[in-house]
Amino acid sequence: MKSLDTVKQSTWDLIYERSHRNLINSAKKRQPYAQAMTWETRMKHKKAHLFEEKLAVYETLKREELNGMNKKIFSERFIESIVMGNLTRSDTKVLFESFLSELNSFAPSSDFQIKWPEEIIASSDVLYQNPGTHFAIRVEGTNPEELNGACIYQLQVPPGPGPEEEDGTTDTDTLWNWLQLALYNQIVSQKCFDVLRTKEQLGYIVWSQPWRSTGQKQSYLYIVQSEVAPWKVKRRIEAFIEEM
């Protein structure tokens, strides 16, 4: 890898075509519920992207732009490891310096530091609604031959018992919240399937589950793929929730 400086045309054609085909299938032919879940993620997370967006960027790539990429990759390195045992932070630094000094062309600088993940990994921005608010988004599917639609109904969990933030609010990502959701799921998930799938026969793909986002916000999801119009499915999900 380190000695690879130029990508051969034959290698590029093979890899590019295969990846391009996979992206096209993901962007245009995935099942409706999978498309809906991608939109749900895209809508809430600032750094999430649709497969259509990825495909548009991918089609602008050129083989020549990869020349010399190996040197760029190896010019800067990020090493992630875990140290377990009766070690202090200073002991860990000595171990790392000893290990890194054995790598060719790498010498720890005088300002070399060991940092914990929360010090270097930025948190993901997540859309979180104020209590009592709601909204809906309608998106046309990418496959005109698909007869089914999909509905994702998400209930965001309000803050529960936990440490207060600097602004006086309480974080939603607490063990108390997550265990409450797990218990709720044990009660609801099978009944959701029995009612919406078996009795009302809305579609073959019906399930519900607790969800923890990248930004550690918790919610509960109801997912249904059906030939019934999504807005009608939404009403049936709401009726089910009210009856619980």
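The notes below deal with the structure included here. This one's a predicted model, so the numbers in the text were calculated from it and none came from an experiment.

## What to know about unusual backbone geometry
- Despite not being glycine, Q201 has its phi angle at roughly 50 degrees, a positive value.
- Among the residues examined, Q201 registers a relative accessible area of 60% and is labelled exposed.

## Description of the nonpolar core
- Among the nonpolar cores identified, the biggest contains 16 residues, and V188, C192, L196, Y222, V224, I237 and F240 are the most heavily contacted of them.
- Only β1 (149-156), α7 (175-199), β3 (218-226) and α8 (230-243) provide two or more residues apiece to this core.
- A per-element tally of this core places α7 first, with 5 residues.
- Those residues in contact with I237 that sit more than four places away from it in its chain are C151, Y153, L196, Y222 and V224.
- Counting residues in hydrophobic clusters, the runner-up holds 7 residues, among them V7, W12, L23 and Y58.

## Points about the packing of aromatic side chains
- Counted according to the given criterion, the structure contains 6 aromatic pairs.
- For the ring pair Y16 and Y58, a centre distance of 4.7 Å and an interplane angle of 20 degrees mean the geometry is stacked. Of this pair, Y16 sits in helix α1 (residues 9-28) while Y58 sits in helix α3 (residues 51-58), placing them 42 residues apart in sequence. The same class applies to Y16 as to Y58, namely buried.
- A cation sits over an aromatic face here: K54 above F51, 4.8 Å from the ring centre.
- Between R212 and the ring centre of W178, over which it is positioned, the NZ or CZ distance is 4.7 Å.

## Quick word on the pattern of salt bridges
- Counted according to the given criterion, the structure contains 5 salt bridges.
- The residue R63 makes a salt bridge to E64 at a minimum N-O spacing of 3.5 Å.
- Its salt-bridge partner being E238, residue K234 comes within 2.9 Å of it at the nearest N-O pair. A residue pair is termed a helical-turn pair when its members lie 3 or 4 positions apart in one helix, as K234 and E238 do in helix α8 at 4 residues.
- Judged by relative accessible area, which is 32%, K234 ranks as partly exposed.

Conventions adopted
Residues numbered from 1 in each chain as written. Predicted model: local features only at pLDDT ≥ 70, side-chain atom pairs only at ≥ 80, totals over all residues. Heavy atoms only, no water. Buried < 20%, exposed > 50% of the residue type's maximum accessible area, 1.4 Å probe, protein only. Core = buried A, V, L, I, M, F, W, Y, C linked by side-chain atoms within 4.5 Å. Helix = DSSP H or I, 4+ residues; strand = E, 2+ residues; numbered from the N terminus. Contact = heavy atoms within 4.5 Å. Phe/Tyr/Trp six-rings, centres within 6.5 Å; stacked < 30°, edge-to-face > 60°. Lys NZ or Arg CZ within 6 Å of the ring centre and 35° of its normal. Salt bridge = Lys/Arg side-chain N within 4 Å of Asp/Glu carboxyl O.

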